[in-house]
Amino acid sequence: MRKRGSKIVFQVIAVFCALSFVPFLYFYTQLSLVDQQTEQYVEQLNRNKLEYSKVELQTSLQKISTSLRYLSNNGVLNQAVLKPTRENLDALEEFWLLIARTQGYYSQLRFIDQDGMEVVRINSGERFIEIVEPERLQFKGDRDYFAFAKTLGDHDTGNFGIDLEVENGKLGTPHQTA
């Protein structure tokens, strides 16, 4: 009798294991499907974010390009270049100050003479905009972007790329683009 009882217990346990294995496989399969769907959803969200960022970047680049054309083909700048009197340089500073306040694209706007010396510079940050005093203006003739600018023709504008900010011969910290 004892053998028969243990055989029944073994059979009940075996049937229970077999029957519980089927729901386990079902839930495991469903969990895998949910994981796969979640992964696809997250990937789609990331693609959407990238596409949105791409459009925003293209829009910003287009606005910056338009702004640069306007800044470079401007009567105030032309007067400061042709006749760098204090009056014309002050007008350029005020105009660039207005541009820095309203557009917010630029960390610095510089007018550099043909020898590489800054004539006018506007610094702009998250919470400040300043006209740099004449005694703080620096020589930038040794910078790569200045050498590139010297290769441009009259009335040409160009894009140099990314160059890290150097102040008074030292790399600025935190690192910022020039």
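Residues numbered from 1 in each chain as written. Predicted model: local features only at pLDDT ≥ 70, side-chain atom pairs only at ≥ 80, totals over all residues. Heavy atoms only, no water.

Asks: An account of the sheet that holds strand β3 (residues 129–131) is needed here, citing residue identities and associated values.
Replies: An order of β1-β2-β3 is seen for the three strands of this open sheet, with the pairing classed as antiparallel. Here the strands that pair on one side only, and so sit at the sheet edges, are β1 (108–112) and β3. The sheet shows a mean angle of 10° between the axes of neighbouring strands, taken without regard to direction. In this sheet, β3 lies alongside strand β2 (residues 118–124) in antiparallel orientation, the contact comprising three bridges. Paired with Ile122 across the strands is Ile131, a residue of β3. (Pairing = 2+ DSSP bridges. Helix = DSSP H or I, 4+ residues; strand = E, 2+ residues; numbered from the N terminus. Axes fitted to C-alpha atoms, helices over the stretch in contact; angles between N-to-C directions.)

Asks: Could you give an account of the confidence of the model for the chain, naming the residues involved and the relevant values?
Replies: This prediction gives the chain a mean pLDDT of 84; 92% of its residues lie at or above 70. Per-element confidence in the chain is highest for β2, whose mean pLDDT is 91, and lowest for strand β5 (residues 170–171), whose mean pLDDT is 69. (pLDDT = per-residue confidence, 0-100.)

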